[in-house]
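What follows is each chain in one-letter form.
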Amino acid sequence: LAKTTQPISMDSYEGQEVNITCSHNNIATNDYITWYQQFPSQGPRFIIQGYKTKVTNEVASLFIPADRKSSTLSLPRVSLSDTAVYYCLVGDRSSGNTPLVFGKGTRLSVIA
Amino acid sequence: KAGVTQTPRYLIKTRGQQVTLSCSPISGHRSVSWYQQTPGQGLQFLFEYFSETQRNKGNFPGRFSGRQFSNSRSEMNVSTLELGDSALYLCASSWGTGLNGYTFGSGTRLTVV
């Protein structure tokens, strides 16, 4: 998987939009950008994946610029329950020969 | 459908003992991966099995081993436990090889005393 860089931690108030940016300068042509969310004492949970431009689902939006060297996970109107660690992963893995490896992630704390 | 089931949820062992953890993947998933999570090191990859074969292995000592059965259920074993092995052990199953298909269990919390 490509090396990624994301902030260690972020704080936000309830009701605000939160944007977490991930840098992946060495992204390859076949790589996808995937985000997982992990609550305390639980396993990570897939939230969104994209290749280019914008992807939106019921949980989040993912913005990917044309050069694909970074991406931004956007969480609209966060609540206390969005307090979690968010991991950005970039890779292909279509051959299955490389494992799914997580970095340190971004610890988001939502404050009332 | 049932999720990934890990047993037991909590375990307390003494230094020097061995432990076996179990993971039942989602029905139809053929890939099972194991991770160790500690506050200091975060999520660290242990190994991955696909159709009973170890496909990938992380950088852990030989005391950590695993296997996968024909029904895709997997076990991991840690021998000669050390205090530093105290961690949350997570199992994830996947239907394929993409980054988005992983479903994690709730983990086994192992405490070594």
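Everything here concerns the structure above.
Residues numbered from 1 in each chain as written. Chains lettered and ligands numbered in written order. Predicted model: local features only at pLDDT ≥ 70, side-chain atom pairs only at ≥ 80, totals over all residues. Heavy atoms only, no water.

Caption draft 1: Representation of the sheet that holds strand β2 (residues 18-23) of chain A in the model. Residue and element names in this part refer to chain A. In spatial order, the strands read β2-β7-β6-β5; together these four strands make up an open sheet with antiparallel pairing. Each end of this open sheet is capped by a strand with a single partner; those strands are β2 and β5 (53-56). On average, adjacent strands in this sheet sit at an angle of 15° to one another, irrespective of strand direction. Pairing geometry for strand β6 (residues 61-64) and strand β7 (residues 70-75), over three bridges, is antiparallel. Bridge pairing in β7 places phenylalanine 63 opposite threonine 72. (Pairing = 2+ DSSP bridges. Helix = DSSP H or I, 4+ residues; strand = E, 2+ residues; numbered from the N terminus. Axes fitted to C-alpha atoms, helices over the stretch in contact; angles between N-to-C directions.)

Caption draft 2: Representation of the state of the cysteines in the model. Tallying each qualifying case throughout the model produces two disulfides over all chains. Between cysteine 22 of chain A and cysteine 88 of chain A runs a disulfide, and the two sulfur atoms are separated by 2.2 Å. An S-S torsion of about -80° defines the bridge between cysteine 22 of chain A and cysteine 88 of chain A as left-handed. Here cysteine 22 of chain A is found in strand β2, whereas its partner cysteine 88 of chain A is found in strand β8 (residues 84-91), with 66 residues between them in sequence. For the pair shown, cysteine 22 of chain A and cysteine 88 of chain A are each scored as buried. A disulfide bridge connects cysteine 23 of chain B with cysteine 91 of chain B, and the sulfur atoms are separated by 1.7 Å. Disulfide cysteine 23 of chain B-cysteine 91 of chain B: the torsion about the S-S bond is -50°, which places it as left-handed. Here the residue cysteine 23 of chain B occupies a position in strand β3 (residues 19-24), and cysteine 91 of chain B occupies one in strand β9 (residues 87-94), the gap between them amounting to 68 residues. A residue is classified by how much of its surface remains accessible, and cysteine 91 of chain B, at 0% relative accessible area, is buried. (Disulfide = S-S within 2.5 Å. Buried < 20%, exposed > 50% of the residue type's maximum accessible area, 1.4 Å probe, protein only.)

Caption draft 3: Representation of the packing of aromatic side chains in the model. All names here are of chain A. Going through the model one piece at a time under the given rule, you end up with eleven aromatic pairs over all chains. Between tyrosine 32 and tyrosine 51, the aromatic rings sit 5.3 Å apart at their centres with planes inclined by 55°, giving tilted as the arrangement. Placement of tyrosine 32 in strand β3 (residues 32-38) and of tyrosine 51 in the loop between β4 (45-50) and β5 is noted, with a sequence separation of 19 residues between them. A residue is classified by how much of its surface remains accessible, and tyrosine 32, at 37% relative accessible area, is partly exposed. (Phe/Tyr/Trp six-rings, centres within 6.5 Å; stacked < 30°, edge-to-face > 60°.)

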